[in-house]
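# Residue-level structural notes
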Amino acid sequence: MKRGRRPSEPGRASAARTGAIGGFAGANPLVKSWRRIRALIVREVRATFRDRFTVTILVAVPIGALLLFGFILTTEVKHLALGVLDASQTSASRRLVAELAAQESFDPTVVATRDELERLVASGRVAAAIVIPPSFDRDLERLRRDGPAPEIEVVYDAAETVLAQNAEAYLRGILGATARALVDPAGGRPRVTVASRTLFNPTLDGTAYMVSGTYGFVLSFLAVLITAVSVVGERAAGTFEQLQVTPATSVEIVLGKLLPLGAVFAFDVFLMALVAGVGMGVWPRGSLVFFLVVSAVYVLISLALGLLISATSKSAAEAVQRSVIFSIPLVQLSGFIFPVRNMPTWLQWFPKVFPATHYIAVSRAIYLRGEGAATLWPELLFILAGGVVLVALAVRSVGARA
Amino acid sequence: MNHHFWSNVWAIAFKEARVLRNDPAVLTMMLIQPVIMTLLFGGVVSNTPANTPWAVLDRGRSETSRRLVEAVQTTGYFLQPRTVFSYREAEALLARGKAVAVLVTPDTFERDVASGQARVQLLLDGSEPLTAARVGSIVTSVVTSFRPDAGTAPPTGIVDVRQRFRFNPTLADRIFYLAALSGMLLTNLCLSASSGGIVAERESGTYEQLLSLPTTALELVLGKLVPYVGLSYFVLALSTILGGVFFGFWPRGSLLVLAVVVLPFVLASLAIGVLVSTIAHTTTQSVFLTVFFILPSMILSGIMLPYHFMPSPIREIGALLPLRWYQIASRRIVARGGGLEDVVGPIVVLLVIFTVLLAIVRWRMKPRLG
């Protein structure tokens, strides 16, 4: 990212370029303004594509993020190491163990003593362990005559909290169903049963959820970074000051920066949508065009933010440092991984100040529930308002000759 | 390696430490980040459902169905339920994300329960898979253990599953996060600090000065790393104290063992930074590479989400990260109270990673030093 700092790009080249920006006399002011913006755009596009490092990052990071994040969230319990202490050693207890192994959810490790079991859990080699009591067979018999239910102990390694939470329901479900089948092969009877129906994502697959969130991650993070670094680089090389003394106004300079970079990131969004759709089978349930339009608006916000950060940073490294410090809570607070709803209620206003939170919510609504503008307008309005404010601030920070 | 080796390393380390004093970015990483992250992971972010919006489509409107709704409500995961009067309304709520779950009870619910054959329906919004799965299992377990005569009595199903959650009896997310938080902070510190080092010297021309010194590449690299090892111990201590003071979560195992494990981890992380530094051509490039290394490693290492269920290539990629092994070791010591014998494996892996990285760094630096 050393636009304008290359030894191969002497000052006269930029001077010639800045000269072109002012050189249109006698036309209508709007036409003149457009010509200046166009000159700035051409200049920006050339500079961006000359730097191979930037181009690589612009393509590699979004696709890499999609592929990495797309597959990491799963609600399925598969091949989870499970310790088993079968003190009963009867056909009923063996059936129970076989049933746990058969579902592919658990990989049982059979141990002989209580100590061994506790050690397995404590060392983290199994995520959970079950203890079938010696009296299991008799207890089942008692249950058939309407006695109390047999007891099974389950020990979880709750240091892996999320794992324990996921495994709990699965384990209980399998234990209950097997015991029921053992007591009464015909069916059996909890008094109330539940028939669950899941809308929008019946298999509870995490891919679409993470893919739709990754847009927010990439646009918030990468766009801010690239913009901040590019402008700081220009300031360091002095080419930004040259722009400021041309007849171009602040608005024109900002637009000349934002439009081409915006187009690059809009293309990134399109590329990601394509990779997600073709490569990972995740297409938006709602309108793709609508999604692209919303994303384009959001891109402008990130770019404006990048401009703002660059205005207060002296060096490129400092700009990146600032963008990172700004963006890390963004990953954790915007709902990308942790739902905002789960946060303490008194603090929930805070993530809602970030446009990123709303953009991620909107992407998910479009991708997973197929929502449109009719129901999403409050969020859209917020994103738009955030955009207007940030672009206005960015224009102010440029502070060109009025 | 000659007899000046350690004195050379020490001299470079001293020079590096003096430069560091004036670096505000490193100070931020050392002091502000641990505080913010501890508060964030200790008290703010969570994967446990809370304030969950839900709705009830109660067809029979009987005393029994009201009890059932109350039984779900008292689990504490839910907001007050909305009442809806039709499936259309229920599905519209789900489609707009205004409810995560809708419980549907039939109009014959009271009679069904009395005859022991009742059935309720649960509609879930699958667009948030983790929440949907948890909410589904919470509601299912409440409903299947529901007794109309004594809705709040201890549940006795077909098997009485006695659950014991070792190391974290209340299944609080914060113990999961805080037990490995130091890994996150140290990755940020070590990579950011060391990745700029050599590039910056090259840019400012002081690298040539260092080269003219009678030091070898290895001495140069090690000397540059030493001050950050000291800083890392400071950050580790700070984050441990913060977790204890703010959230009452003190390490359960030996602090000494933790201090042993952290050394190969910090060295490996610093070596990654140095490697980045030898690859990048400018400071900016090095910071970029660092950032795009740090972010995915937070997720792939298993610090934020369990790595156990990640699909095959991704899981193995994560195993190449020092952070994966440090978080395994740290959880064993801090959360489970393990000792040295429990973390031998991770220590060995970390040392191997460090050695390999050091070899690569040496090879990368050689041509320029020739």
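Residues numbered from 1 in each chain as written. Chains lettered and ligands numbered in written order. Predicted model: local features only at pLDDT ≥ 70, side-chain atom pairs only at ≥ 80, totals over all residues. Heavy atoms only, no water.

### Looking at the overall build of chain A
Under the convention used in this document: A run of DSSP states H or I qualifies as a helix once it reaches four residues; a run of E qualifies as a strand once it reaches two. Both are numbered from the N-terminal end. Relative accessibility thresholds used throughout: buried, under 20% of the residue-type maximum; exposed, over 50%; partly exposed, between the two (1.4 Å probe, protein chains only). Residues are treated as being in contact if the distance between any of their heavy atoms lies within 4.5 Å. Computed with the Shrake-Rupley method and a 1.4 Å probe, the accessible areas treat only the protein chains shown as cover for residues.
Counting secondary structure elements, chain A contains 14 helices and 5 strands. For chain A, with 402 residues in total, the buried portion stands at 56%. Contacts in chain A between residues far apart in sequence, at least 24 positions, make up 78% of those at least 6 positions apart. Split by element, the accessible area of chain A, about 16200 Å² in all, is 63% carbon and sulfur.

### A word on the environment of B:Gly337
Residues and elements named next belong to chain B. Inspection of the secondary structure assignment puts Gly-337 in the loop between α14 (322-335) and α15 (344-369). Remark: the alpha-carbon pair of Gly-337 and Val-104, spanning 233 residues in sequence, is separated by 46 Å. What Gly-337 contacts, discounting residues up to four positions off in sequence, is Arg-252, Gly-253 and Arg-332.

### Concerning the sheet that holds strand β1 (residues 54-58) of chain B
What counts, and what does not: Strand pairing is defined by DSSP finding a minimum of two bridges between the two strands. For helices, the fitted line uses only the C-alpha atoms of the stretch in contact; every axis is such a line through C-alpha atoms, and the angle between N-to-C directions lies from 0 to 180 degrees.
A sheet is described by the order of its strands in space; here 5 strands give the open sequence β5(A)-β4(B)-β3(B)-β1(B)-β2(B), paired in mixed fashion. On the outer flanks of this sheet lie β5 (192-199) of chain A together with β2 (82-83) of chain B, each paired with one strand and no other. Sheet analysis places β5(A) next to strand β4 (residues 118-125) of chain B, joined by 8 bridges and oriented parallel. Paired with A:Val194 across the two strands is B:Val120, which belongs to β4(B). On the sheet, helix α3 (residues 63-73) of chain B packs against β1, β3 (101-105) and β4 of chain B and is oriented at approximately 170 degrees with respect to β1(B). Taken strand by strand, helix α4 (residues 87-95) of chain B contacts β5 of chain A together with β1, β2, β3 and β4 of chain B, and its axis lies near 35 degrees from that of β4(B).

### Focus: the pairing of β1(B)
Residues and elements named next belong to chain B. Most of β1 sits inside the fold, with 5 of its 5 residues counted as buried. Side chains of β1 alternate between two faces, with Trp-54, Val-56 and Asp-58 and Ala-55 and Leu-57 buried alike. Bridge count between β1 and β3: 5 bridges; the pairing is parallel. The partner of Ala-55 across the bridge, within β3, is Val-102. With 2 bridges joining them, β1 and β2 adopt parallel strand pairing. In the strand pairing of β2, Ala-55 is matched with Arg-82.

### Overview of the confidence of the model for chain A
All names here are of chain A. We count it as follows: Here pLDDT means the predictor's own confidence in every residue, given as a number from 0 to 100.
Of the residues in chain A, 90% reach a pLDDT of 70 or more, and the chain-wide mean stands at 80. When mean pLDDT is compared element by element in chain A, helix α13 (residues 355-369) scores highest at 91, while helix α1 (residues 11-22) scores lowest at 43. Scored below 50 in pLDDT, residues 1-20 shows 34 contacts in the model against residues more than four places distant or in partner chains.

### Things to note about the packing of helix α4 (residues 91-102) of chain A against helix α7 (residues 161-183) of chain A
Residues and elements named next belong to chain A. Stated formally: Roughly parallel means an angle under 35 degrees; roughly antiparallel means over 145; roughly perpendicular covers 65 to 115; every other angle is labelled oblique. The handedness criterion is simple: a crossing whose near helix is rotated anticlockwise from the far helix by less than a right angle is left-handed, and one whose near helix is rotated clockwise is right-handed. Gly falls in the polar group here, along with every residue not listed as nonpolar (Ala, Val, Leu, Ile, Met, Phe, Trp, Tyr, Cys, Pro) or charged (Asp, Glu, Lys, Arg).
It is the contact of α4 with α7, at a shortest axis distance of 10 Å, that shows an interaxial angle of 140 degrees. In terms of orientation, α4 and α7 fall into the oblique class. Crossing of α4 over α7 shows right-handed handedness. Contacts between α4 and α7 pair Ala-92, Arg-95, Leu-96, Glu-99 and Leu-100 from the former with Leu-171, Ile-174, Leu-175, Thr-178, Ala-181 and Leu-182 from the latter. For the contact of α4 with α7, a count of residues per class yields 8 nonpolar, 1 polar and 2 charged.

### A look at empty space enclosed by the protein
Residues and elements named next belong to chain B. This is how the line gets drawn: Points on a 1 Å grid, built from protein atoms alone, make a cavity when a 1.4 Å probe fits but cannot get out and make a pocket when they are open with protein on both sides within 12 Å along at least 5 of 7 lines; residues with an atom within 4 Å of a point are the lining residues. Grid points are joined across faces, edges and corners, and a volume is the space filled by probe spheres set on the points.
Enumeration over the complete set of coordinates arrives at 10 cavities of 30 Å³ or more. For the largest cavity, the calculated volume is near 140 Å³. Considering the residues around the largest cavity, the lining is formed by 13 residues, among which Leu-178, Ala-179, Ser-239, Thr-240 and Val-334 are closest to the centre. Going through the elements one at a time, α8 (181-204), α10 (217-247) and α14 are the ones with two or more residues in the lining of the largest cavity.

### Things to note about the interface of chain A and chain B
Using the following cut-off: In this description, buried area is defined as the sum, over both parts, of the accessible area (probe of 1.4 Å) that is lost when the two are combined. The working definition used for a salt bridge is a side-chain nitrogen of Lys or Arg within 4 Å of a carboxyl oxygen of Asp or Glu. Here a polar contact is recorded for every N or O atom pair within 3.5 Å, except that within protein the pair must consist of a potential hydrogen donor and a potential acceptor, and residues adjacent in sequence are included only if both atoms are side-chain atoms.
At the junction of the two partners, chain A supplies 97 residues and chain B supplies 99 residues. For the pair chain A and chain B, the two sides together bury roughly 9100 Å², of which 66% comes from carbon and sulfur. In this structure, the salt-bridge partner of B:Arg336 is A:Asp157, at a minimum N-O distance of 2.6 Å. For the interface between chain A and chain B, the tally reads 16 residue pairs in polar contact (both at pLDDT 80 or more).

### With respect to helix α3 (residues 52-70) of chain A
The criterion, for reference: The span one expects for a helix is its residue count, reduced by one, times 1.5 Å.
With 19 residues, α3(A) should reach 27 Å at 1.5 Å per residue; the first-to-last C-alpha distance of 27 Å fits that figure. Within α3(A), burial applies to A:Phe53, A:Thr54, A:Ile57, A:Leu58, A:Val61, A:Pro62, A:Ala65, A:Leu66, A:Leu68, A:Phe69 and A:Gly70.

### Quick look at the pattern of salt bridges
Residues and elements named next belong to chain A. All chains considered together, the criterion is met by 10 salt bridges over all chains. Note that Glu-118 and Arg-114 form a salt bridge whose closest N and O atoms lie 3.4 Å from each other. One end of the pair, Glu-118, and the other, Arg-114, are both in helix α5 (residues 114-122), 4 residues apart, so they sit about a helical turn from each other. On the accessibility criterion, Arg-114 (32% relative accessible area) is partly exposed. Its salt-bridge partner being Arg-172, residue Glu-168 comes within 3.7 Å of it at the nearest N-O pair.

### Observations regarding the confidence of the model for chain B
Per-residue confidence for chain B gives a mean pLDDT of 84, with 94% of residues at or over 70. The ipTM assigned to the predicted complex is 0.81, against a pTM of 0.81.

### A short note on the environment of B:Phe246
Secondary-structure assignment places B:Phe246 in helix α10. With relative accessibility at 43%, the residue B:Phe246 sits in the partly exposed group.

### Examining the nonpolar core
Across soluble globular proteins, nonpolar side chains show a tendency to be buried alongside one another. Short version of the rule: Here the nonpolar core consists of buried residues drawn from Ala, Val, Leu, Ile, Met, Phe, Trp, Tyr and Cys, with membership extended through side-chain atoms lying within 4.5 Å. Source of the domain bounds: an automatic or database domain assignment.
Core analysis: the largest hydrophobic core is formed by 182 residues, its most contacted members being A:Tyr215 and B:Phe41. Among the elements that make up this core, the one with the highest residue count is helix α8 (residues 207-237) of chain A (18 residues). Taken together, domain 1 (80-199) and domain 2 (207-400) of chain A each give at least three residues to this core, which thus spans both. If near-sequence neighbours (up to four positions away) are discounted, B:Phe41 is found in contact with A:Gln332, A:Phe338, B:Arg174, B:Tyr177, B:Leu178, B:Leu181, B:Met184 and B:Met304. In this structure, A:Ala92, A:Leu100, A:Leu140 and B:Phe165 belong to the second largest nonpolar core, which totals 33 residues.

### Quick look at the packing of aromatic side chains
Rules: Pairing of aromatic rings covers Phe, Tyr and Trp, the last counted by its six-membered ring, and requires centre-to-centre distances within 6.5 Å; plane angles under 30 degrees mean stacked, over 60 mean edge-to-face, and any other angle means tilted.
Under the definition given, this model contains 20 aromatic pairs over all chains. Ring centres 5.8 Å apart and planes at 10 degrees place the aromatic pair A:Phe217 and A:Phe221 in the stacked group. You can see A:Phe217 and its partner A:Phe221 sitting in helix α8, 4 residues apart, about one turn around the helix. Summarising the aromatic geometry, the rings of B:Phe265 and B:Tyr326 are spaced 4.4 Å apart at their centres and angled 10 degrees between planes, so their arrangement reads as stacked. With a gap of 61 residues between them, B:Phe265 in helix α11 (residues 255-279) and B:Tyr326 in helix α14 connect regions that are remote in the sequence. Each member of the pair B:Phe265 and B:Tyr326 is classed as buried. Each residue in the set A:Phe53, A:Phe69, A:Phe217, A:Phe221, A:Phe336, B:Phe288 and B:Phe292 is aromatic and connected to the rest through ring pairs, giving one cluster.

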